[in-house]
Amino acid sequence: MELLRVEALTLAFGGLRVAREISLALASGDRLALIGPNGAGKTTFVNLVTGQLAPDAGRIVLAGEDVTRMAVAARVRRGLVRTFQISRLFRDMSVRDNVLLAILQREGRTARAIRHAATDRTLVAEADAHLERLGLGEVAGDRVGAIAYGQQRLVEIAIAVALRPKVLLLDEPAAGVSRAEQPRIVAALAALPPDIAVLMIEHDMDLVLRLARRVVVLAAGALVFDGSPEAVVSDPGVRAAYLGSYGT
Amino acid sequence: MAATKMAPRSPIARDRLVTAGGLAAIAAAGAIGLVLFPNDLGFLTRVLATALLVLSLDLVTGYCGVATLGHAALFGGGAYASGMLAAHGGIQDPLVLLAAGLAGGLVTGLVSGLVILRATGLPQLVLSIAVVQLASALANKLSGWTGGSDGLSGISPGPLFGRFAFDLWGQTGYLLGVALLLVVFAALRALVLSPFGLLCRGIREDVIRVGALGARVRPALVAMYGISGAVAGLGGALSAVTTGVVGLDSLSFERSASALVMLVFGGAGSLGGALVGTVVFQVFEHAVSAANPFHWLTLVGLLLIAVVLFLPRGLQALPARLAGLVRRRAAPARGGA
Ligand SMILES: Nc1ncnc2c1ncn2[C@@H]1O[C@H](COP(=O)(O)OP(=O)(O)OP(=O)(O)O)[C@@H](O)[C@H]1O
Ligand SMILES: [Mg+2]
């Protein structure tokens, strides 16, 4: 079943064309890696799909519904969830509260204003379970601003998973995470429900090969490859794109 | 074993303990005021009304990150609603007058929230100033209702519960203010610790992150503005009921600005900070202006600078700061490492 389809998505920042008629579809169960040189427009693509940026042209269809003009939050409530390349967390809150707030929001409870946020023990236990799985059990009560950056990256993932996405867009989830902690990301992503669609931006080819069954390559705002992880390494077009972008 | 069981371990138990401690501190401070300063109860009641305004400001500025220099509009909305009901409607029951202030503040809060929240950052600050100036101009213009620049008089509340008169000594008004503060403090603690309160703290920290969780920001902020207005309106009504007059100063820019100063002084984003900031600032100002009528403003300014420079998170951070100093003193050997 198709969960996400983008059609001819186009955007220019002034004269810089950062998205050139990008078309892509994600189906239930897809595990897709989006790779490309620095500045290729990968994060911009995620911002367009989630609604952080409005496209100049093109269409975004989420589970059959056109969401091109829909607000960010409304898309999230329909199951379109992303993580940020540079962590965006509530630094003054505890690690647990960051995840708990995501769960409360998912459950539609953030309008409740009388009882303590931690009143529902099953939700708190769920938050702790997400954190435990990512090795964050020890720091659950700590302020996010006080934990290591690598751990903050993992909190990003815990929040995204807690939102129970249908389509999950991960913007370089492993960037800033130590090698020793990377298996936790692999485990957390492997534990996601198999029927959701995941798109992951990632530079680390090891991780790409481990997690993705399909790879697309973005270069200078255009998709230049769509195929298997094995084929991408030897594709002459992809090589040219990387060389070209670094060469100029 | 027994000791670990005694210690509050869940976040809920810890937060409850803080709430109980806050309520005990308010009650104790209230009793001290009553016993030690029986001649200053009028001044102390004004402090209580201002405390409600500063708490209200803390909700939108401290907890939601909305910058405003127009918050006295909400206080004045409550004061005039209550005062006009008494002066023109002939209502005398003080509790009804307080309820009118709450409602007037709520409405003013929602309206000004809808205006102010159209912008963010500096434009938001400018809009907030415009709101309070407009409110003030409106109150001045409608002098038939508000008394204009002469102020609204003719507010003569009957005895509280039909028994306790608002006499010259101001005991009834003072105790009513303390009771009101206790109730409001307990209610606001519950509010800021609730899921809604957590969402608001999230909004203050990162609006984009909140959107990425699927939450709508503006409705939450408008709702908080309404609640904030109700609290400020109660403060305005307390002032109207206990002083018997409402003046244009109740919704002035100056009052808005001084509320913000007291909030930052005590520590924005903490209800205890808002209260400590209000009390310490006003008592200091009161004492210094009496002792030294010529240089008191200089002294107040110096105190403010000292607090903002050395305690950027306000007076409420003082205990933690001192504890840190003591700990560093206790372990000087590792200082160089
Ligand atoms: N808001 C913006 N205004 C103008 N230019 C922008 C804006 N955001 C991004 N760009 C530019 O658009 C291009 C694509 O940026 P983008 O962040 O999408 O790249 P990326 O593929 O995610 O790169 P990286 O691998 O470094 O994360 C870059 O040249 C960047 O400088
Ligand atoms: Mg990027």
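Preceding block: the structure.
What you are looking at is a predicted structure, and each value in this text was computed from that prediction instead of being measured.

Asker: Explain the overall build of chain A to me, and be specific about the residues and the numbers.
Answerer: Counting secondary structure elements, chain A contains 9 helices and 10 strands. Whereas a compact globule of 248 residues would reach a radius of gyration of roughly 18 Å, chain A reaches 18 Å, a difference of no more than 12%. Referenced to the eigenvectors of the C-alpha coordinate spread, the extents of chain A come out at roughly 55 × 40 × 35 Å. Evaluated residue by residue, chain A yields a buried proportion of 53% over its 248 residues. Across chain A, every contact between residues at least 6 apart in sequence was considered, and the portion connecting residues at least 24 apart equals 68%. As presented, chain A carries roughly 10600 Å² of accessible surface, and 53% of it is formed by carbon and sulfur atoms. Charge-centre separation for chain A: the mean point of 30 positive side chains lies 4 Å from the mean point of 27 negative side chains.

Asker: Quick one: what's the story with the side chain of Asp15 of chain B, residue by residue and with numbers?
Answerer: Looking at the element boundaries, Asp15 of chain B is found in helix 2 (residues 11–36). It is Arg189 of chain B that comes nearest to the buried, bridge-free Asp15 of chain B among opposite-charge side chains, at 4.2 Å. One polar contact links Asp15 of chain B to His116 of chain A, side chain to side chain, over a distance of 2.6 Å. Here Asp15 of chain B is in contact with His116 of chain A together with Arg189 and Leu193 of chain B, once residues within four sequence places are set aside.

Asker: Tell me about the coordination of the magnesium ion (ligand 2), and please be specific about residues and values.
Answerer: Residue and element names in this part refer to chain A. Around the magnesium ion (ligand 2), the donor atoms from the protein are Thr43 (OG1) and Gln85 (OE1), and they sit 1.9 to 2.1 Å away. Highlighted residues: Thr43 in helix 1 (residues 42–50) and Gln85 in the loop between strand 6 (80–82) and helix 3 (95–106), separated in sequence by 42 residues. Take Thr43: its relative accessible area is 25%, and that puts it in the partly exposed class.

Asker: Could you give an account of the sheet that holds strand 6 of chain A, with specific residues and numbers?
Answerer: Residues and elements named next belong to chain A. With respect to topology, 6 strands assemble into an open sheet ordered 6-7-8-3-9-10, the strand pairing being mixed. Looking at which strands have only one partner, the edges of the open sheet turn out to be strand 6 and strand 10 (222–227). Averaged over all neighbouring strand pairs, the angle between strand axes comes to 20 degrees, with direction disregarded. With 5 bridges connecting them, strand 9 (residues 214–219) and strand 10 associate as antiparallel partners.

Asker: If you had to explain the packing of aromatic side chains to someone new, which residues and values would you point to?
Answerer: This structure, assessed with the given rule, holds 1 aromatic pair over all chains. Relative to Phe281 of chain B, the ring of Phe265 of chain B lies with its centre 5.7 Å away and its plane at 70 degrees, an arrangement referred to as edge-to-face. Of this pair, Phe265 of chain B sits in helix 12 (residues 253–266) while Phe281 of chain B sits in helix 13 (residues 271–291), and the two are 16 residues apart along the sequence. Across from the ring centre of Phe84 of chain A, 5.6 Å away, lies the NZ or CZ of Arg88 of chain A, which sits over that ring.

Asker: Give me the lowdown on helix 5 (residues 149–162) of chain A, citing residues and values where you can.
Answerer: An α-helix turns once every 3.6 residues. As a result, residues three or four positions apart point the same way. All names here are of chain A. Here helix 5 is 14 residues long and its end C-alpha atoms lie 20 Å apart, about the 20 Å a rise of 1.5 Å per residue gives. In terms of burial, helix 5 is largely enclosed, as 13 of its 14 residues are buried. Residue Arg164 follows helix 5 closely and has a positive phi angle near 50 degrees.

Asker: Give a detailed account of the interface of chain A and chain B, specifying residues and quantitative values.
Answerer: Listed per partner, the contact involves 31 residues of chain A and 26 residues of chain B. Surface buried jointly by chain A and chain B totals about 2600 Å² across both partners, of which 63% is contributed by carbon and sulfur atoms. Broken down residue by residue, the surface that chain A buries against chain B is led by Arg88, Phe90 and His116 of chain A, which jointly contribute 24%. Where Arg209 of chain B meets Glu156 of chain A, a salt bridge forms, and the shortest distance between an N and an O atom there is 2.9 Å. For the interface between chain A and chain B, the tally reads 11 residue pairs in polar contact (both at pLDDT 80 or more). Contributing elements (two or more residues each) for the side of chain A that touches chain B: helix 2 (72–77), helix 3 and helix 5 of chain A. The element that contributes the greatest number of residues to the side of chain A that touches chain B is helix 3 of chain A, accounting for 5 residues. Residues that form the side of chain A that touches chain B fall into these classes: 17 nonpolar, 5 polar and 9 charged.

Asker: Run through the environment of Phe253 of chain B, naming residues and quoting values.
Answerer: All names here are of chain B. Locating Phe253 in the fold gives a position in helix 12. When the C-alpha positions of Phe253 and Gly147 are compared, they lie 19 Å apart, and in sequence the two are 106 residues distant. Setting aside chain neighbours within four positions, we find Phe253 in contact with Leu69, Ile129, Val132 and Gln133.

Asker: Describe the packing of helix 12 of chain B against helix 13 of chain B, and please don't skip the residues or the numbers.
Answerer: A pair of packed helices can be characterised by two numbers: the angle between their axes and the separation between those axes. Residues and elements named next belong to chain B. Between helix 12 and helix 13, the least distance of the axes is 7 Å, while the angle of their chain directions is 115 degrees. By the angle between their directions, the pair helix 12 and helix 13 is classed as roughly perpendicular. In this structure, helix 12 crosses over helix 13, and the sense of that crossing is right-handed. Taken together, the residues of helix 13 that come into contact with helix 12 (itself represented by Val261, Met262, Leu263, Phe265 and Gly266) are Gly273, Ala274, Gly277, Thr278, Val280, Phe281 and Gln282. A per-class count over the contact of helix 12 with helix 13 returns 7 nonpolar, 5 polar and no charged.

Asker: How would you sum up the pairing of strand 9 of chain A? Please name residues and give values.
Answerer: The buried fraction of strand 9 of chain A is high, at 5 of 6 residues. A loop of 2 residues connects strand 9 of chain A with strand 10 of chain A, the two strands running antiparallel in sequence, and Ala220 of chain A in this loop sits at a positive phi of about 50 degrees.

Asker: Give a detailed account of a nonpolar patch on the surface, specifying residues and quantitative values.
Answerer: Together, Leu106, Val107, Leu110, Val111 and Val115 of chain B line one region of the surface with nonpolar side chains, adding up to about 370 Å² of accessible area. Summarising the element assignment, Val115 of chain B is placed in helix 5 (residues 94–116).

Asker: Can you lay out the sheet that holds strand 2 (residues 16–27) of chain A for me, pointing to particular residues and giving the numbers?
Answerer: Residues and elements named next belong to chain A. Taken together, the 4 strands give an open sheet; going across it, the order is 2-1-4-5, and neighbouring strands pair in antiparallel fashion. Looking at strand neighbours, the two that pair on one side only are strand 2 and strand 5 (65–66), the edges of this open sheet. Sheet analysis places strand 1 (residues 2–13) next to strand 4 (residues 57–62), joined by 5 bridges and oriented antiparallel. The residue of strand 4 that forms the bridge with Thr10 is Ala57. Most of the contacts of helix 1 go to strand 1, to which it runs at about 115 degrees, and overall it touches strand 1, strand 2 and strand 4.

Asker: How would you sum up the site of ligand 1? Please name residues and give values.
Answerer: Residues and elements named next belong to chain A. By nearness alone, 14 residues border ligand 1, and Gly39, Lys42, Thr43, Thr44 and Gln85 come closest of all. At 2.9 Å from an oxygen atom of ligand 1 is found a main-chain nitrogen or oxygen belonging to Gly41. Between ligand 1 and the protein, one listed contact pairs an oxygen atom with a side-chain N or O atom of Thr43 at 2.8 Å. The fraction of the free accessible surface of ligand 1 (630 Å²) that becomes covered by protein chains is 60%. Where the shell around ligand 1 is concerned, the elements lending two or more residues are strand 2 and helix 1. For the shell around ligand 1, the class distribution of residues is 5 nonpolar, 7 polar and 2 charged.

Quick notes on the rules
Residues numbered from 1 in each chain as written. Chains lettered and ligands numbered in written order. Predicted model: local features only at pLDDT ≥ 70, side-chain atom pairs only at ≥ 80, totals over all residues. Heavy atoms only, no water. Helix = DSSP H or I, 4+ residues; strand = E, 2+ residues; numbered from the N terminus. Rg over C-alpha atoms; globule rule 2.2 N^0.38 Å. Buried < 20%, exposed > 50% of the residue type's maximum accessible area, 1.4 Å probe, protein only. Contact = heavy atoms within 4.5 Å. Areas by Shrake-Rupley, 256 points an atom, 1.4 Å probe, with all protein chains shown as cover. Lys, Arg positive; Asp, Glu negative; His and termini not counted. Charge placed at Lys NZ, Arg CZ, Asp CG, Glu CD. Salt bridge = Lys/Arg side-chain N within 4 Å of Asp/Glu carboxyl O. Polar contact = N/O pair within 3.5 Å; in protein donor to acceptor, adjacent residues only side chain to side chain. Donors = N, O, S within 2.8 Å, 3.2 Å for Na, K, Ca; no water. Pairing = 2+ DSSP bridges. Axes fitted to C-alpha atoms, helices over the stretch in contact; angles between N-to-C directions. Phe/Tyr/Trp six-rings, centres within 6.5 Å; stacked < 30°, edge-to-face > 60°. Lys NZ or Arg CZ within 6 Å of the ring centre and 35° of its normal. Expected span 1.5 Å × (residues − 1). Buried area = accessible area lost by both parts, 1.4 Å probe. Nonpolar A, V, L, I, M, F, W, Y, C, P; charged D, E, K, R; others polar. Parallel < 35°, antiparallel > 145°, perpendicular 65-115°, else oblique. Left-handed = near helix turned anticlockwise from the far one by under 90°. Patch = residues over 30% accessible without salt bridge, like charges linked within 9 Å, V, L, I, M, F, W, Y side chains within 5 Å. Near = heavy atom within 4 Å.

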